[in-house]
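Survey of secondary and tertiary structure
Letter by letter, the chains look like this.
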Amino acid sequence: MTSKEIRKQYLQFFESKGHLIVPSAPIVLKDDPTLMFNNSGMAQFKEYFLGNGTPKSPRIADTQKCLRVSGKHNDLEDVGFDTYHHTMFEMLGNWSFGDYFKKEAINWAWELLTEVYKIPKENLYVSVFEGSKEDNVPFDQEAWDIWKGLIDEDRIILGNKKDNFWEMGDQGPCGPCSEIHVDLRTPEEKALVSGKSLVNNDHPQVVEIWNNVFMEFNRKADDSLEKLPAQHVDTGMGFERLCMALQGKTSNYDTDVFTPLIEKVEQITGLKYTTNDVILNESEESQEQNKTNIAIRVIVDHVRAVAFAIADGQLPSNTGAGYVIRRILRRAIRYGFTFLETKEPFINKLVEVLANQMGEFFPEIKSQQQLVTNVIREEEASFLRTLEQGIQLLENVMQNTSGKEVSGEKAFELYDTFGFPIDLTALILRERGFSLDEAGFETELQKQKARSRAASEVSTEDWSVLIPGNVETFVGYDQTENDVKITRIRKVDSKKDGILYQIVLDNTPFYPEGGGQVGDKGTLVSANETIDIIDTKKENNLILHFAKQLPENIEAGFVAKVNTDLRTSTSKNHSATHLMHLALRNILGTHVEQKGSLVNPNYLRFDFSHFSKVSDDELRQVEASVNAQIEAQLQLVEHRNIPIKEALDKGAMALFGEKYGDNVRMIEFGESKELCGGIHVKNTAEIWHFKIISEGAVAAGIRRIEAITGDAVKNFYTNQEKTLSEIKETLKNPQDILKSVASLQDDNAKLKKQIEQLLKEKIDGLKNALVSEFEEINGINFLSKQVDLSMSSTKDLAQALGSAKPNSFVVLASIEDNTPNIHCYIAKELVAEKSLNANAVIKELGKYIDGNGGGQPFFASGKGKNANGIAAVLENAVSFVK
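The present account deals with the structure reproduced in this document. (Residues numbered from 1 in each chain as written. Predicted model: local features only at pLDDT ≥ 70, side-chain atom pairs only at ≥ 80, totals over all residues. Heavy atoms only, no water.)

**Brief notes about the overall build of the chain**
Secondary structure summary: the chain contains 25 helices and 38 strands in total. Dimensions of the chain, computed from C-alpha atoms along their principal axes, come out at roughly 105 × 80 × 55 Å. In the chain, which comprises 882 residues, the share counted as buried stands at 51%. Sequence separation of 24 or more characterises 68% of the internal contacts of the chain that already satisfy a separation of 6 or more. For the chain, the exposed surface amounts to about 41000 Å²; the carbon and sulfur share of it is 47%. When the 100 basic and 130 acidic side-chain charges of the chain are each reduced to a single mean position, those positions are 3 Å apart. (Helix = DSSP H or I, 4+ residues; strand = E, 2+ residues; numbered from the N terminus. Buried < 20%, exposed > 50% of the residue type's maximum accessible area, 1.4 Å probe, protein only. Contact = heavy atoms within 4.5 Å. Areas by Shrake-Rupley, 256 points an atom, 1.4 Å probe, with all protein chains shown as cover. Lys, Arg positive; Asp, Glu negative; His and termini not counted. Charge placed at Lys NZ, Arg CZ, Asp CG, Glu CD.)

**Some remarks on the pairing of strand β30 (residues 672-675)**
In this sheet, β30 lies alongside strand β29 (residues 663-669) in antiparallel orientation, the contact comprising four bridges. What sits directly across from Phe669, in β30, is Ser672. Between β29 and β30, which pair antiparallel and follow one another directly, the connecting turn spans two residues, one of which, Gly670, has a positive phi of 65°. (Pairing = 2+ DSSP bridges.)

**Looking at helix α10 (residues 320-339)**
For α10, spanning 20 residues, the distance from its first C-alpha to its last is 29 Å, which sits close to the expected 28 Å at 1.5 Å a residue. Across the 20 residues that make up α10, a large majority, 15, are buried. Residue Glu341 follows α10 closely and has a positive phi angle near 60°. (Expected span 1.5 Å × (residues − 1).)

**Considering the pattern of salt bridges**
Tallying each qualifying case throughout the model produces 42 salt bridges. Glu593 is paired through a salt bridge with Lys595; the nearest N and O atoms lie 3.5 Å apart. The partly exposed category is assigned to Glu593, whose relative accessible area is 24%. Lys595 gets classed as buried once you look at its relative accessible area, which sits at 11%. Within this structure, Glu134, Asp135, Lys161, Glu167, Arg219 and Asp223 form a network of salt bridges that share partners. (Salt bridge = Lys/Arg side-chain N within 4 Å of Asp/Glu carboxyl O.)

**Quick notes on the sheet that holds strand β35 (residues 808-816)**
Read across the open sheet, the six strands follow the order β33-β34-β35-β36-β38-β37; overall the sheet is mixed. Strands at the two margins of the open sheet, each flanked by one partner only, are β33 (775-777) and β37 (852-856). Neighbouring strand axes in the sheet, compared pairwise and without regard to direction, differ in orientation by 20° on average. Taken together, the eight bridges between β35 and strand β36 (residues 819-826) define a ladder with antiparallel strand orientation. Bridge pairing in β36 places Ala813 opposite Ile822. Lying on the sheet, helix α22 (residues 791-804) is in contact with β34 (780-786), β35, β36 and β38 (859-863); it crosses β35 at an angle near 165°. (Axes fitted to C-alpha atoms, helices over the stretch in contact; angles between N-to-C directions.)

**A look at the packing of aromatic side chains**
Overall, the coordinates contain 27 aromatic pairs when judged by the stated rule. For the ring pair Trp110 and Trp147, a centre distance of 5.7 Å and an interplane angle of 80° mean the geometry is edge-to-face. Of this pair, Trp110 sits in helix α3 (residues 102-116) while Trp147 sits in helix α4 (residues 141-148), and the two are 37 residues apart along the sequence. Exposure class is identical for Trp110 and Trp147. Each is buried. Ring centres 6.0 Å apart and planes at 65° place the aromatic pair Phe139 and Trp144 in the edge-to-face group. By the ring-pair criterion, three or more aromatic residues cluster together here, those being Phe45, Tyr48, Phe49, Trp95 and Phe97. (Phe/Tyr/Trp six-rings, centres within 6.5 Å; stacked < 30°, edge-to-face > 60°.)

**Here we look at a nonpolar patch on the surface**
Residues Leu751, Ile755 and Leu759 make up a contiguous nonpolar surface patch of roughly 250 Å² in combined accessible area. When you line up the elements, Leu751 lands in helix α21 (residues 737-771). The class of Leu751 is partly exposed, set by a relative accessible area of 47%. (Patch = residues over 30% accessible without salt bridge, like charges linked within 9 Å, V, L, I, M, F, W, Y side chains within 5 Å.)

**Considering the sheet that holds strand β27 (residues 604-609)**
If you walk across this open sheet you meet the four strands as β26-β27-β32-β31, and the pairing is antiparallel. Sheet topology places β26 (594-599) and β31 (690-699) at the edges, where each strand pairs with a single neighbour. Neighbour to neighbour, the strand axes of the sheet diverge by 15° on average, direction disregarded. Pairing geometry for β31 and strand β32 (residues 702-709), over eight bridges, is antiparallel. Looking at the pairing, Glu695 lines up with Ile705 of β32.

Written out as structure tokens, the structure reads:
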């Protein structure tokens, strides 16, 4: 049975049990402040478990793209070394929201596995929660009794809190779970050791494939449990492990989920992957093959995670979710570089295989194939250049290391500043006869992690509910001010923002951050006080209003007032973004798609797919098109609750990586039609004018435009006019300002040439004068001197003097803009014969001027802060030749 058939059969089975089949949510979570990525099947349903929303059906089934690389669920460093951990994986799930419970969930799991998929019952074990005195949760007798009717009692295992009590996080919905494990070992292995003893012991062929979580409790901030208002079922089944079991394999990587990708890697590299059926021994050849296998597993796993994240709109970057994606890809690149000898980009070539393999069920990977390929190719090329640079830097570190152990601090600097992988550092050092101070590196790494944790540490208290029930509504499309009551509050303490309070209102005009638009600011006003709302966000279907203080009387009535100045400016920028999107597609082509946006009161930022720089002429056309739509005074046409199919049939654009419901909001301005939940002007004339400020590249195939509207454009032209006036005044108000500037540039070029000639003559004169001052010491022609030149001219003079004498050792110093600089030239024959090193000389002498520097063994430069130390530099330079 193929993986496609396995997936299809699962969904058909639960559809026959009354479940609504829904598509996978994006792997990247854009509007959830608590998670970067979907890390489990239940993530997209959190609001329903918390009682903050109503699902479209009480029974749902799906397959969810998941990513586990950070936080509590972190499998990254395991990937490649075993046969069943992954960064990205599919989680097959069936869900009950207050509908069926343990009996149906367990019986259907057993029916599907044993009767539909035909897994032999003697290969299965199940686990039941043994209870927890600590949490006052009893042994799960109900689940035990249900299983007793389906499986021999000696195949039921009691599981502790770690294995059989599932929690969403430190706080939130949780409950006991009942897992199903499959034993894929040979009959001979089973005869020797019981599979029961291997359950939950990380055995590669005795693995969990199904987990029925019975959501009964809510974990509070004080670690106590309270009963949820309804009982839910949260099922997760690892698709890749299920394929392994049904295809008779002992490794996920031997299934057809991965074999097409592995075959492509073999074709590109000329290396062979050995399946899990091939037993490797302790020979050197087998050890090399094992390294090859690990590297290939890392690459074919990681390309899936990276490709789907990019397809869902997350580009690699240096912060947040983008950094995680870049880190995964770089791990794959360095495994290829180190163990597969790949020195050119090649991982991008796997995207076509992935798109052909998974595009039928996940159409985003097919439609975004070209973009994903280009982004990965560019990231590969960039990191391979970083590896080359890192190797050169490591060479310098080895040259300047006394002894044969490289300090952990230096290795961490390479890792932290330049992104050079520590395992590659260790490998190169071993090959060159050096060792690594691993303890020192680990110390620096832990310091960095502690700093990072401290910076992002957040403590969230439980909600204090004032008005029970799901009573909150958003009225901000029609109002910017209305009467409200507070329904719940909680305190949040973070290192970054300090103590803040999150306030939920019964009906709010405040727009929560989402879809690229920033959250509203404003006030809550009662008869006695005014509370500033500094931000608005959405979490688990609740609109959270952030304040630095709570009202004295939280049960009072308030008037919620949005800051309309900020709201109006933001709405102009948001509507202009829609108009620009249309203009870009009309002028550059329909391949243009939105890949990210930021809309705030000051400016708009728009990322879009396009494979070359947008020319100045094209930018002018875009500006003209948007301004024409503004001048046309297009009226806003808003479809507030339209079926998504109808909206798409009308020509509305849907964005990849966004999660849409069955009914959506559609915004129209003339030909511009988009699905959007944001705030907009009522008529394009309100935007006044549109001006592009910048255009540039974000990643391969992704461009970014920043633009302004309204008052910001007025201020822009006012500043331009002021600057022009100041230039004219500086130039004595010429009649033709362009001609005057051109003349000034010509004069400047002539003067530069004259200065360069004078400097050359000065350097030649100094060189001729200083040649006679060389002193011979131990067969070395030595000179140390301070000169009155710029840093670059001093460098040129040092090189000229060094070339003028054989066996020369020259140290020159000068001061430019109160900054001391030093330069050392050592003849190449001295470097070879006497092991002198200019780089080491500069590092040592730099201490006297409170500075540092570096370079090559025969020439190096440095600068510092203490000009008074130059005398000590020149005095101590001679110690290197005595």
